[in-house]
Amino acid sequence: MAPHRSLTSFRRFQDTLFAHDPGFHRLRLAMQGTVSVAISFFLLAYIFRYGKQSATLALAGVTLSMMACLVVSDDGRAAQKRTVLWLPLPAIVVLTLGLLLKPWPVFDLCVFLLVVFGSVYIRRYGPRGMAVGMICFMSYFYSIFFPIPLSALAWVVFSILVGLSVVYAIRFWIFPEHPPRQLEWALRAFRVRAAELLELTQRRLAEGRIAHSREDFRAYFLRVNETALLVDDALKDKSVRSTATESWVFDLELSVRRFIESVSSLAMQPGLPAAVRARVERVVGNTALLVRSPLPRGTNPFASLLENPTDLPEDLRSL
């Protein structure tokens, strides 16, 4: 029993990790951003020191490398590569414009406001528009608030090219995405979130507080929905796109919601016998186990329950 309990506890710990960061998306972004900034900083600091230039000039490449890791979110690996390759062009153009307008503060501020407007408006063109908008904003912001002479423009452009090249190498060569594995992790996180919702229902049934837990249920439903959207994002990659999987996720999310609504309606019936309530709790608990860890085909997760017991209401038989 002890090894089995240890294995179960370890499995629960794994499920918690998968649920709190579905597909380890945040962990991967954090690693890509941290490594990109570190490599860009040390590489540019060494080059600029060798060229007897101020380290401030290297901040453009370091800052844009961090931003590029966060804002590039196109559907598919090929589209992300194209976006990263395109980013140096708007960054250099906007930065050059900012340096050229520095002698005229009024015009400089007006153009900065136009860049802010354009950076937000361009989001209407999807993820690539958002990435380009953020990079343009940061480039112009850098040109305004840092003391950069126009004579140092070539060094700043060099830092941008180095920083975004580091991002490309980190994102697509050193820490590349693995769509099948990410989809598998996202699906596991989705099952765990759905199981947690069912386990919450079981606890509220045992406590007799299912009628007073609307806020808790709403928060858990949102978590399930957010994880379902992450699965949908993972399925956008052509190599793992599956209509059947997408339909399964939608069906399971809808089924869990209907199941909990039926259980709640049944539990709030006046005069419900304690034995019936206990059996409802067992049904919900077994369902949570089935959703969390699917059993092999042909296994009956409800084998411990009576088959259509005559003393149960019709609502419970349908569950």
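None of the values given here were measured: they were computed from a predicted structure.

So, how was this worked out
- Residues numbered from 1 in each chain as written.
- Predicted model: local features only at pLDDT ≥ 70, side-chain atom pairs only at ≥ 80, totals over all residues.
- Heavy atoms only, no water.
- Helix = DSSP H or I, 4+ residues; strand = E, 2+ residues; numbered from the N terminus.
- Buried < 20%, exposed > 50% of the residue type's maximum accessible area, 1.4 Å probe, protein only.
- Contact = heavy atoms within 4.5 Å.
- Expected span 1.5 Å × (residues − 1).
- Salt bridge = Lys/Arg side-chain N within 4 Å of Asp/Glu carboxyl O.
- Phe/Tyr/Trp six-rings, centres within 6.5 Å; stacked < 30°, edge-to-face > 60°.
- Lys NZ or Arg CZ within 6 Å of the ring centre and 35° of its normal.
- 1 Å grid on protein atoms, 1.4 Å probe; cavity = no way out; pocket = protein on both sides within 12 Å on 5 of 7 lines; lining within 4 Å.
- Points joined across faces, edges and corners; volume = space filled by probe spheres on them.
- Nonpolar A, V, L, I, M, F, W, Y, C, P; charged D, E, K, R; others polar.
- Patch = residues over 30% accessible without salt bridge, like charges linked within 9 Å, V, L, I, M, F, W, Y side chains within 5 Å.
- Areas by Shrake-Rupley, 256 points an atom, 1.4 Å probe, with all protein chains shown as cover.
- Axes fitted to C-alpha atoms, helices over the stretch in contact; angles between N-to-C directions.
- Parallel < 35°, antiparallel > 145°, perpendicular 65-115°, else oblique.
- Left-handed = near helix turned anticlockwise from the far one by under 90°.
- Polar contact = N/O pair within 3.5 Å; in protein donor to acceptor, adjacent residues only side chain to side chain.

S.K.: Can you lay out the overall build of the protein for me, pointing to particular residues and giving the numbers?
M.R.: Secondary structure summary: the protein contains 13 helices and zero strands in total. Along the protein, helices and strands appear, N-terminal first, in the series α-α-α-α-α-α-α-α-α-α-α-α-α. Looking at the 319 residues of the protein, the share that counts as buried comes to 43%. Across the protein, contacts joining residues at least 24 apart in sequence account for 76% of those joining residues at least 6 apart.

S.K.: Explain helix 5 (residues 88–100) to me, and be specific about the residues and the numbers.
M.R.: Between its first and last C-alpha atoms helix 5 spans 18 Å; for 13 residues at 1.5 Å apiece the expected length is 18 Å, and the two agree. All buried positions along helix 5 are accounted for by Pro88, Pro90, Ala91, Val94, Leu95, Thr96, Gly98 and Leu99. Where the residues of helix 5 are buried, they touch helix 3 (59–71), helix 4 (77–86), helix 6 (105–121), helix 7 (127–145) and helix 8 (153–174).

S.K.: Pulling in residues and values, what's your account of the pattern of salt bridges?
M.R.: Under the definition given, this model contains 11 salt bridges. Salt-bridge contacts for glutamate 199 lead to arginine 292; the nearest nitrogen and oxygen are separated by 3.1 Å. Placement of glutamate 199 in helix 9 (residues 179–207) and of arginine 292 in helix 12 (residues 274–292) is noted, with a sequence separation of 93 residues between them. Between arginine 218 and glutamate 215 there is a salt bridge, with its nearest N and O atoms 2.7 Å apart.

S.K.: Summarise the packing of aromatic side chains; cite the residues concerned and give the values.
M.R.: Centre-to-centre distance and the angle between the planes together describe a pair of aromatic rings. Under the criterion given, the structure shown has 13 aromatic pairs. Ring plane angle 25° and centroid distance 5.9 Å describe the contact between phenylalanine 112 and tyrosine 140, whose orientation is recorded as stacked. Remark: tyrosine 140 occurs in helix 7 and phenylalanine 112 occurs in helix 6; sequence separation between them is 28 residues. A single burial state applies to phenylalanine 112 and to tyrosine 140, both of which are buried. A network of ring pairs unites the aromatic residues Phe112, Phe137, Tyr140, Phe141 and Phe145 as a single cluster. Looking at arginine 124, its charged tip hangs above the ring of tyrosine 125, at a distance of 4.9 Å from the centre. Looking at arginine 257, its charged tip hangs above the ring of phenylalanine 221, at a distance of 4.1 Å from the centre.

S.K.: Describe empty space enclosed by the protein, with residues and values.
M.R.: As enumerated under the stated definition, the model contains one cavity of 30 Å³ or more in all. Computed from the structure, the largest cavity encloses a volume of approximately 30 Å³. Every residue lining the largest cavity is listed: Ala60, Thr63, Leu64, Leu95, Met138, Ser139, Tyr142 and Ile160. Elements with a minimum of two residues in the lining of the largest cavity: helix 3 and helix 7. Of the residues that constitute the lining of the largest cavity, the class distribution is six nonpolar, two polar and no charged.

S.K.: Mind laying out the layout of surface pockets, listing which residues take part and the relevant values?
M.R.: Of the voids in this model, the largest pocket is the one considered here, and its volume is about 540 Å³. Lining of the largest pocket is provided by 23 residues; of these, His25, Arg28, Glu177, Asp233 and Ala234 occupy positions nearest its centre. Looking at the lining of the largest pocket, the elements with two or more residues in it are helix 2 (25–50), helix 3, helix 9 and helix 10 (214–234). A per-class count over the lining of the largest pocket returns nine nonpolar, six polar and eight charged.

S.K.: Which residues make up helix 12, and what values do they have?
M.R.: With 19 residues, helix 12 should reach 27 Å at 1.5 Å per residue; the first-to-last C-alpha distance of 27 Å fits that figure. All buried positions along helix 12 are accounted for by Val276, Val280, Glu281, Val283, Val284, Gly285, Asn286, Thr287, Ala288, Val291 and Arg292.

S.K.: Describe in detail a nonpolar patch on the surface, supporting the description with residues and values.
M.R.: The grouping of Phe10, Phe13 and Leu17 at the surface amounts to a nonpolar patch, some 320 Å² of accessible area in total. Summarising the element assignment, phenylalanine 13 is placed in helix 1 (residues 2–20).

S.K.: Can you tell me about the packing of helix 9 against helix 12, naming the residues and giving the values?
M.R.: At a minimum axis separation of 8 Å, helix 9 and helix 12 run at an interaxial angle of 165°. One element, helix 9, and the other, helix 12, form an angle in the roughly antiparallel class. Here helix 9 and helix 12 pass one another in a crossing that is left-handed. On the side of helix 9, the interface is formed by Arg191, Val192, Ala194, Ala195, Glu196, Leu198, Glu199, Thr201, Gln202, Leu205 and Ala206, while helix 12 contributes Arg277, Val280, Glu281, Val284, Gly285, Thr287, Ala288, Val291 and Arg292. When its residues are assigned to classes, the contact of helix 9 with helix 12 shows 10 nonpolar, four polar and six charged.

S.K.: I'd like a rundown of the side chain of glutamate 199, residues and numbers included.
M.R.: A relative accessible area of 14% means that glutamate 199 is categorised as buried. Polar contacts involving the side chain of glutamate 199 include one to the side chain of arginine 292, which spans 3.1 Å. Leaving out residues up to four positions away in the same chain, glutamate 199 has contacts with Arg12, Ala288 and Arg292.

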